[in-house]
Amino acid sequence: MTLDGLRAVAAECGMPAFAAKQMAQWLYEKRADSIDAMTNLSKTARARLAERYTIGRTAPKAEARSVDGTVKYLFDGAGGRDIEAVYIPDRDRATLCVSSQAGCRMECRFCMTGRQGFHGNLTAGQIINQVLSIPESESLTNIVFMGMGEPTDNLPAVLAAIEILTAPWGLAWSPKRITVSSIGKLDNLRTLLDATKVHVAISVHSPFSDERASLMPVERAYPLKDVLALLRGYDFAHQRRLSVEYIMWGGLNDNLRHAQALARMLHGLDVRVNLIRFHAIPDCDLRTSDTDTMTAFRDRLNQLGITATIRTSRGEDIAAACGMLAGKGA
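Nothing here was measured: the structure is a model prediction, and the numbers come from that model.

Engineer: Which residues make up the overall build of the chain, and what values do they have?
Structural biologist: For the chain, the count of helices and strands is twelve helices and twelve strands. Here the C-alpha radius of gyration of the chain, 21 Å, is about what a compact globule of 330 residues would show, namely 20 Å. The burial tally for the chain puts 55% of its 330 residues in the buried class. A separation threshold of at least 6 residues defines the contact pool for the chain, and within that pool the share at least 24 residues apart is 66%. By element, 49% of the accessible surface of the chain is carried by carbon and sulfur atoms, the whole surface being about 14,400 Å².

Here you go:
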């Protein structure tokens, strides 16, 4: 719950208003695993709380460990479908990739999550539970909303989770430690940008509208040109970072014509392009670009003034890499 929610709980249970901050401290700073542990609340207050509420933390149902140190955790989701979160250690960084939905409505051709259809939105509690309930929770340095689902399609819960992560009464993280990935659902993306200071990553995958639409049907409803026009109205040079996610497929979107078109499209934006190797999924005829082609694409973007890097794949052996999450089991 956010602080407003905890205030409502305090009032319902006949507790003083300041008890809301006490409960928040127990939940997010002290990470209490029981109401009885909240010892600065009266016994009567704790009894009333316990009659109506639980802490809400649930441990992962299963886990899978990669040879590269990545760990995939399986949690209860929504609509009878489990969800997955992925822990990615990398030298002095420890990133958790969280899910915001069970399944996804976006139907991207290359994504296992989209292939399964939409099963339901996660609550803010289910999102925060992924952060608080993994064994590595207290060592995390970064959160990325890049797991199952489109975060801006479940915006109220995502905003509440971001509030809990960043508020002084919550986990008190800097927004600079959080990145939200989006396909570019315009009104909701605008709300996210206005309401938070988190970093934003936009899924692009092709600079050509017809081609992007064949990969991402959402292009027809929210054209990339409109998404970029919206983004140009925000400052990405100081308080937050903008990145572009670009999965590369052999013979489809990986030639220098695409690199030049992408550079023209992004000209004038303070942006970094993350080039991502495609991870093969069942019943998909797309194929992965080779390393030399990806390197040439990256170098051409850099020559044209667009900062580009090739993202290292992590967790592919446990189906935890980009586009592979399905929630069927860890």
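Engineer: Hey, could you go over empty space enclosed by the protein for me, with residue numbers and the actual values?
Structural biologist: One pass over the full model with this rule turns up one cavity of 30 Å³ or more. There is about 30 Å³ of room inside the largest cavity. Lining the largest cavity, in full, are Phe-110, Ile-247, Phe-278, His-279, Cys-322 and Gly-323. Looking at side-chain class alone, the lining of the largest cavity contains four nonpolar, two polar and no charged residues.

Engineer: Any chance you could break down helix H11 (residues 256–266) for me, citing the residues and the numbers?
Structural biologist: Every α-helix winds through 3.6 residues per turn, so residues three or four apart in the chain are directed the same way. Among the residues of H11, His-258, Ala-259, Ala-261, Leu-262, Ala-263 and Leu-266 are the ones counted as buried. Looking at the buried residues of H11, the elements they touch are helix H8 (209–215), helix H10 (224–231), strand E10 (242–248), strand E11 (271–277) and helix H12 (291–303). Within two residues after H11, Gly-268 carries a phi angle of roughly 90 degrees, on the positive side.

Engineer: If you had to explain the sheet that holds E10 to someone new, which residues and values would you point to?
Structural biologist: Across the sheet, which stays open at both edges, the ten strands sit in the order E1-E2-E3-E4-E7-E8-E9-E10-E11-E12 with mixed pairing between neighbours. Taken across any chain shown, the strands that pair with only one partner, and hence form the sheet edges, are strand E1 (62–65) and strand E12 (307–310). Looking at each pair of strands side by side, their axes are set apart by 25 degrees on average, direction ignored. Relative to strand E7 (residues 142–145), strand E4 (residues 93–97) runs parallel, the two sharing three bridges.

Engineer: Let's hear about the environment of Asp-153: which residues, and what values?
Structural biologist: Structurally, Asp-153 can be placed in the loop between E7 and helix H6 (155–166). On the basis of relative accessible area, Asp-153 is assigned to the buried category, the value being 11%. Other than its neighbours up to four places away in sequence, Asp-153 contacts Gln-101, Arg-105, Met-106, Asn-121 and Lys-185. Only 2.6 Å separates the side chain of Asp-153 from the side chain of Lys-185, close enough to count as a polar contact.

Engineer: Summarise helix H1 (residues 3–12); cite the residues concerned and give the values.
Structural biologist: For H1, the full list of buried residues reads Leu-3, Leu-6, Val-9 and Ala-10. End-on view of H1: buried residues confined to an arc of 110 degrees, all on one side of the axis. In H1, the exposed positions angled more than 90 degrees off the buried face are occupied by Asp-4 and Ala-11. Where the residues of H1 are buried, they touch helix H2 (19–29) and helix H3 (43–52).

Engineer: Residues and numbers for the layout of surface pockets, please.
Structural biologist: In this structure, the second largest pocket occupies an estimated 460 Å³ of space. Among the secondary structure elements, those contributing two or more residues to the lining of the second largest pocket are H1, H2 and helix H5 (124–132). Here the residues of the lining of the second largest pocket sort into 15 nonpolar, seven polar and one charged.

Engineer: Which residues make up the side chain of Asp-254, and what values go with them?
Structural biologist: Along the chain, the position of Asp-254 falls in the loop between E10 and H11. The buried charged residue Asp-254 lacks any salt bridge, with Arg-287 as its nearest oppositely charged partner at 6.2 Å. Within polar-contact distance, the side chain of Asp-254 engages the backbone nitrogen of Gly-251 at 3.2 Å. Not counting the four nearest positions on each side in its chain, Asp-254 is found in contact with Met-248, Trp-249, Ser-289, Thr-293 and Phe-297.

Engineer: Can you tell me about the nonpolar core, naming the residues and giving the values?
Structural biologist: Judged by nonpolar contacts, the single largest core of 91 residues is most densely connected at Phe-145, Val-273 and Leu-301. In contact with Val-273, not counting residues within four places along its chain, are Val-244, Tyr-246, Leu-262, Leu-266, Leu-301, Ile-306, Thr-307, Ala-308 and Thr-309.

Engineer: How would you explain unusual backbone geometry if you had to name every residue and give the values?
Structural biologist: Residues other than glycine seldom take positive phi values, yet Arg-31 does so here, at roughly 55 degrees. Phi is positive for Glu-107, close to 60 degrees, though the residue is something other than glycine. By secondary structure assignment, the location of Glu-107 is in the loop between strand E5 (101–103) and helix H4 (112–115). Accessibility expressed as a relative area gives 55% for Glu-107, which makes it exposed.

Engineer: With reference to specific residues and values, describe the pairing of E4.
Structural biologist: Counting buried residues along E4, four of its five residues qualify, which places the element largely inside the surrounding structure. Two strands pair when backbone bridges link them, and strand E3 (residues 81–90) and E4 are joined in this way by five bridges, in the antiparallel orientation. Paired with Val-86 across the strands is Cys-97, a residue of E4. Two successive antiparallel strands, E3 and E4, enclose a turn made up of two residues, where Arg-91 displays a positive phi of approximately 55 degrees.

Engineer: Talk me through the side chain of Ser-203; I want residue IDs and the actual numbers.
Structural biologist: On the secondary structure map, Ser-203 appears in strand E9 (residues 199–203). Ser-203 gets classed as buried once you look at its relative accessible area, which sits at 11%. Excluding residues within four positions of it along the chain, Ser-203 makes contact with Ser-181, Ser-182, Ile-183, Arg-212, Met-216 and Glu-245.

Rules used in this analysis
- Residues numbered from 1 in each chain as written.
- Predicted model: local features only at pLDDT ≥ 70, side-chain atom pairs only at ≥ 80, totals over all residues.
- Heavy atoms only, no water.
- Helix = DSSP H or I, 4+ residues; strand = E, 2+ residues; numbered from the N terminus.
- Rg over C-alpha atoms; globule rule 2.2 N^0.38 Å.
- Buried < 20%, exposed > 50% of the residue type's maximum accessible area, 1.4 Å probe, protein only.
- Contact = heavy atoms within 4.5 Å.
- Areas by Shrake-Rupley, 256 points an atom, 1.4 Å probe, with all protein chains shown as cover.
- 1 Å grid on protein atoms, 1.4 Å probe; cavity = no way out; pocket = protein on both sides within 12 Å on 5 of 7 lines; lining within 4 Å.
- Points joined across faces, edges and corners; volume = space filled by probe spheres on them.
- Nonpolar A, V, L, I, M, F, W, Y, C, P; charged D, E, K, R; others polar.
- Pairing = 2+ DSSP bridges.
- Axes fitted to C-alpha atoms, helices over the stretch in contact; angles between N-to-C directions.
- Polar contact = N/O pair within 3.5 Å; in protein donor to acceptor, adjacent residues only side chain to side chain.
- Arc of directions from axis to C-beta.
- Lys, Arg positive; Asp, Glu negative; His and termini not counted.
- Salt bridge = Lys/Arg side-chain N within 4 Å of Asp/Glu carboxyl O.
- Core = buried A, V, L, I, M, F, W, Y, C linked by side-chain atoms within 4.5 Å.

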